[in-house]
Amino acid sequence: MKSAWFPLMPENRSNLLLAAILLAMVMGCVFRSDRETMSRPESSELPVASASPVTAQPTPESPTKKPDAGDFVVEQQDLSVARFQRLDNQVKTEKMLEKAADRLNQALILPHDILIRARSCGEQNAFYDAKDRSVTVCFEMMERFHGVFRAGGESEERAYEKMFDAMRFVFLHEVGHALIDAYKLPVAGNEEDAADRLAAYVNLTELGEDGVKAVYAASDAFNLEAKQSASAKRKFADEHLLNEQRFYTSLCMIYGSDASKHARIVDAGYLPKERAVRCRNEYQRTVESWRSLLEPWRKR
Ligand SMILES: [Zn+2]
């Protein structure tokens, strides 16, 4: 099973791609798109031997905690496409993935390792693949976001900054799929929406102003994607919610996290009052749900 950024496969894909899809076994994730994209069907989940043997035991002080038998592990990748040199340099020199892994490892118990990597994938996507328990962020996805923000009127450098902000949301969305799979969490609803809400929850409760910027950037990207692809055929059968819905839900999470601080979202008309009055409860329910689900797996 793989959860990717872009969903439905156009009907005119080649057999080669179809073969690749059958091999790769994925399912689509964060952003919908009306452009040509690839998604992959669910696979039977192949068991993969964990690098870390299950030796840890619950401590007497935390009898309800699960044994810790894994980590988020950065898988280093050689750059394969020259135009991504700048992105690759920045991700590596700033140790973005290592920092994210450290932070997650400090907070979460895992039953097995989860690989994380950034690379060129040949598709504008980001995904969790249950087959090798990996989260992959594609440089093509970052390039696309940069283009979406540029087309939305941002300067070159500002678009670059917002792209990285939005990618923090994307990455945590994919981590959401990884945790749902690793912890065998119940999902009584749409998993894509659950993963979006996990990304919003972690950003807004754990990452301070950087987290707020990430959810804002993601909501902006959802909105711009919706507008920029408005004339293309819409894919109502996709498992993702529509970009417009994801835009409003992201704003609702921000507003619900602190209505007075983020009053401008409503005052300026970005979020209709009819939805805004529900956002505090909606946000609190999201936080409580994820807190409760993650509690046995939290180190602190
Ligand atoms: Zn997803």
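Residues numbered from 1 in each chain as written. Predicted model: local features only at pLDDT ≥ 70, side-chain atom pairs only at ≥ 80, totals over all residues.

*Asks:* Can you lay out the overall build of the protein chain for me, pointing to particular residues and giving the numbers?
*Replies:* A tally of helices and strands in the protein chain yields 10 helices and 6 strands. Taken across its 300 residues, the protein chain has 41% of its residues classed as buried. Intrachain contacts of the protein chain at a sequence separation of at least 6 include 65% that bridge at least 24 residues. (Helix = DSSP H or I, 4+ residues; strand = E, 2+ residues; numbered from the N terminus. Buried ≥ 20, exposed ≤ 12 C-beta atoms within 10 Å, placed from the backbone. Contact = placed C-beta atoms within 7 Å.)

*Asks:* Any chance you could break down the nonpolar core for me, citing the residues and the numbers?
*Replies:* Within soluble globular proteins, side chains that are nonpolar generally end up buried alongside one another. Ranked by size, the top nonpolar core spans 66 residues in total, and within it Phe 145, Ala 166, Met 167, Phe 169 and Val 215 carry the most contacts. Apart from residues lying up to four places away in sequence, Phe 169 is in contact with Ala 199, Asn 203, Ala 214, Val 215, Ala 217 and Ala 218. (Core = buried A, V, L, I, M, F, W, Y, C linked by C-beta atoms within 7 Å.)

*Asks:* Give me the packing of helix 4 (residues 139-151) against helix 7 (residues 208-228): which residues, what numbers.
*Replies:* Following both chains from N to C, one finds helix 4 and helix 7 inclined at 75°, their axes separated by 10 Å at the closest point. When the axis of helix 4 is compared with that of helix 7, the two are roughly perpendicular. On the side of helix 4, the interface is formed by Phe 145, Val 148 and Ala 151, while helix 7 contributes Ala 221, Leu 224, Glu 225 and Gln 228. Of the residues contributing to the contact of helix 4 with helix 7, the split by class is 5 nonpolar, 1 polar and 1 charged. (Axes fitted to C-alpha atoms, helices over the stretch in contact; angles between N-to-C directions. Parallel < 35°, antiparallel > 145°, perpendicular 65-115°, else oblique. Nonpolar A, V, L, I, M, F, W, Y, C, P; charged D, E, K, R; others polar.)

*Asks:* With reference to specific residues and values, describe the pairing of strand 4 (residues 114-119).
*Replies:* Both strand 3 (residues 72-74) and strand 4 contribute to a ladder of 3 bridges, which runs parallel. Counted as the bridge partner of Phe 72 is Ile 114 from strand 4. Inspection of the sheet shows strand 4 paired to strand 6 (residues 134-138) by 5 bridges, in the parallel sense. In the sheet register, Leu 115 faces strand 6, and the bridge partner there is Ser 134. (Pairing = 2+ DSSP bridges.)

*Asks:* A description of the pairing of strand 5 (residues 126-129) should follow, citing residues and the corresponding values.
*Replies:* What you see with strand 5 is no split at all: Ala 126 and Tyr 128 on one side and Phe 127 and Asp 129 on the other are buried throughout. As paired strands, strand 5 and strand 6 are joined by 4 bridges and run antiparallel to one another. Of the residues in strand 6, the one forming a bridge with Asp 129 is Ser 134. Linking two consecutive strands that pair antiparallel, namely strand 5 and strand 6, is a turn of 4 residues; a positive phi of about 50° is found at Arg 133 within it.

*Asks:* Go over the environment of Lys 162 with me, naming the residues and quoting the values.
*Replies:* Mapped onto the secondary structure, Lys 162 falls in helix 5 (residues 156-182). C-alpha of Lys 162 to C-alpha of His 146: the two residues are 16 residues apart in sequence and 7.6 Å apart in space. Discounting chain neighbours no more than four positions away, the residues touching Lys 162 are Phe 149, Glu 154, Ala 217 and Asp 220.

*Asks:* Before we move on, could you go through helix 4 and cite the residues and values that matter?
*Replies:* Counted at 1.5 Å a residue, the expected span for helix 4 with its 13 residues is 18 Å, and the 18 Å between its end C-alpha atoms agrees. Those residues of helix 4 lying buried are Phe 139, Glu 140, Met 141, Met 142, Arg 144, Phe 145, His 146, Val 148 and Phe 149. At its buried positions, helix 4 is contacted by helix 2 (85-93), strand 4, strand 5, strand 6, helix 5 and helix 7. Backbone geometry just after helix 4 places Gly 153 at a positive phi near 105°. (Expected span 1.5 Å × (residues − 1).)

*Asks:* So what's going on with the environment of Arg 144? Which residues, and what values?
*Replies:* Tracing the backbone shows Arg 144 in helix 4. A residue is classified by how many C-beta atoms lie within 10 Å of it, and Arg 144, with 22 of them, is buried. Between the alpha carbons of Arg 144 and Gln 124 there is a distance of 6.8 Å; along the sequence they are 20 residues apart.

*Asks:* Got a sec to walk through the confidence of the model for the protein chain? Specific residues and values, please.
*Replies:* With 79% of its residues at a pLDDT of 70 or more, the protein chain shows a mean pLDDT of 84. Every residue in residues 6-28 scores below 50 in pLDDT, and together they form 55 contacts with partners more than four places removed in sequence or on other chains. (pLDDT = per-residue confidence, 0-100.)

*Asks:* Outline unusual backbone geometry, listing residues and values.
*Replies:* Positive phi outside glycine occurs at Lys 95, with the angle close to 50°. With respect to the helices, strands and loops of the structure, Lys 95 is situated in the loop between helix 2 and helix 3 (96-107). Of note in this structure, Lys 184 is not a glycine but carries a positive phi near 50°. As for its position among the elements, Lys 184 is in the loop between helix 5 and helix 6 (191-206).

*Asks:* So what's going on with the packing of helix 5 against helix 6? Which residues, and what values?
*Replies:* Axis separation between helix 5 and helix 6 bottoms out at 8 Å; the angle between their running directions is 120°. Our classification of the angle between helix 5 and helix 6 gives oblique. Of the two elements, helix 5 crosses helix 6, and the hand of that crossing is right-handed. Within the contact between the two elements, helix 5 uses Arg 168, Phe 169, Leu 172, His 173, Gly 176, His 177 and Ile 180 and helix 6 uses Glu 191, Ala 194, Ala 195, Asp 196, Leu 198, Ala 199, Val 202 and Asn 203. By residue class, the composition of the contact of helix 5 with helix 6 is 8 nonpolar, 4 polar and 3 charged. (Left-handed = near helix turned anticlockwise from the far one by under 90°.)

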